[in-house]
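# Structural overview
Here's the letter readout for the chains.
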Amino acid sequence: MHPELTKLILQRKPKSDLLAYLKKTNGWKDLTELLYAEDHDLAWRSTWLLNQLSPYDLKKFHLNVEALIHQAQDRGHSQQRECFKLLEKLVIPEDCLSLYFDWAEQVWMDISLQSSVRISALRALERVTIIYPDLKGELEALSSQELLEPLSPGIRKQAQKIFQSLAKL
């Protein structure tokens, strides 16, 4: 597929080296193909690197949002967090919003996950709720103490601000 780029990523080269390689070879398009790799580490690190691009730069790659969500659902917390970050920069097609919301809700409700993954999921829920204010009640129902308490203190404050902002919708 892209043997040199794949090798560099799997060797866990420093981020600065990988970014320099991508800029030198203009390997961003190759990187977008590695997002969907069966190798979990390769897919995760490819997503992590692609997150360095702006929404404007990402737009030209026409990433498959549905495939990204389905893949992230089956992966570990690092891949999920990076996928949420990447999706924040993309336009979510109308026909994928339900899938996006349901996945984010599932992640938010899993108190065994890291706080950083859960807050990324909550931001996704907020994003969809802004588009569809009718979901406000459903999202407010997810503000229970048992979901907030396991979060780290700083992330708990972020979550509380998100829930408070719902009152303005």
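One structure accompanies this document, and this report is about it. Remember, it's a predicted structure, so these values are computed and weren't measured experimentally.

Packing of helix α1 (residues 3–10) against helix α4 (residues 40–50) leaves a shortest axis separation of 10 Å and a crossing angle of 95 degrees. Here α1 lies roughly perpendicular to α4, going by the angle between them. Where α1 abuts α4, its residues T6, I9 and L10 lie against D41, L42, R45, S46 and L49. Its residues placed into classes, the contact of α1 with α4 shows 4 nonpolar, 2 polar and 2 charged.

This part takes up the nonpolar core. A general trend in soluble globular proteins is that nonpolar side chains are found buried together. Ranked by internal contacts, the top residues of the largest apolar core, which has 54 residues, are L50, L63, L87, Y100, W103, W108 and L122. Look past the residues within four positions of Y100 in its chain and what remains in contact with it is I69, F84, L87, I92, A124, R127 and V128.

Within this model, the largest pocket holds a volume of roughly 210 Å³. Around the largest pocket, the lining residues are P55, Y56, L58, K59, H62, L63, V65, K89, L90, V91 and P93. Broken down by element, the lining of the largest pocket gets its largest block of residues, 4 residues, from helix α5 (residues 55–59). Residues of the lining of the largest pocket, tallied by class, amount to 8 nonpolar, 1 polar and 2 charged.

So, about the pattern of salt bridges. Within the structure shown, the criterion is met by 2 salt bridges. Note that R12 is salt-bridged to D41, the shortest N-O span being 3.1 Å. Pair noted here: R12 is in the loop between α1 and α2 (15–25) and D41 is in helix α4, with a separation of 29 residues, a long-range link. Judged by relative accessible area, which is 21%, D41 ranks as partly exposed. Note that E82 and K85 form a salt bridge whose closest N and O atoms lie 3.4 Å from each other. Placement of the pair is E82 and K85 together in helix α7 (residues 77–88), with a separation of 3 residues, close to one helical turn.

Reading guide: rules and limits
- Residues numbered from 1 in each chain as written.
- Predicted model: local features only at pLDDT ≥ 70, side-chain atom pairs only at ≥ 80, totals over all residues.
- Heavy atoms only, no water.
- Axes fitted to C-alpha atoms, helices over the stretch in contact; angles between N-to-C directions.
- Helix = DSSP H or I, 4+ residues; strand = E, 2+ residues; numbered from the N terminus.
- Parallel < 35°, antiparallel > 145°, perpendicular 65-115°, else oblique.
- Contact = heavy atoms within 4.5 Å.
- Nonpolar A, V, L, I, M, F, W, Y, C, P; charged D, E, K, R; others polar.
- Core = buried A, V, L, I, M, F, W, Y, C linked by side-chain atoms within 4.5 Å.
- Buried < 20%, exposed > 50% of the residue type's maximum accessible area, 1.4 Å probe, protein only.
- 1 Å grid on protein atoms, 1.4 Å probe; cavity = no way out; pocket = protein on both sides within 12 Å on 5 of 7 lines; lining within 4 Å.
- Points joined across faces, edges and corners; volume = space filled by probe spheres on them.
- Salt bridge = Lys/Arg side-chain N within 4 Å of Asp/Glu carboxyl O.

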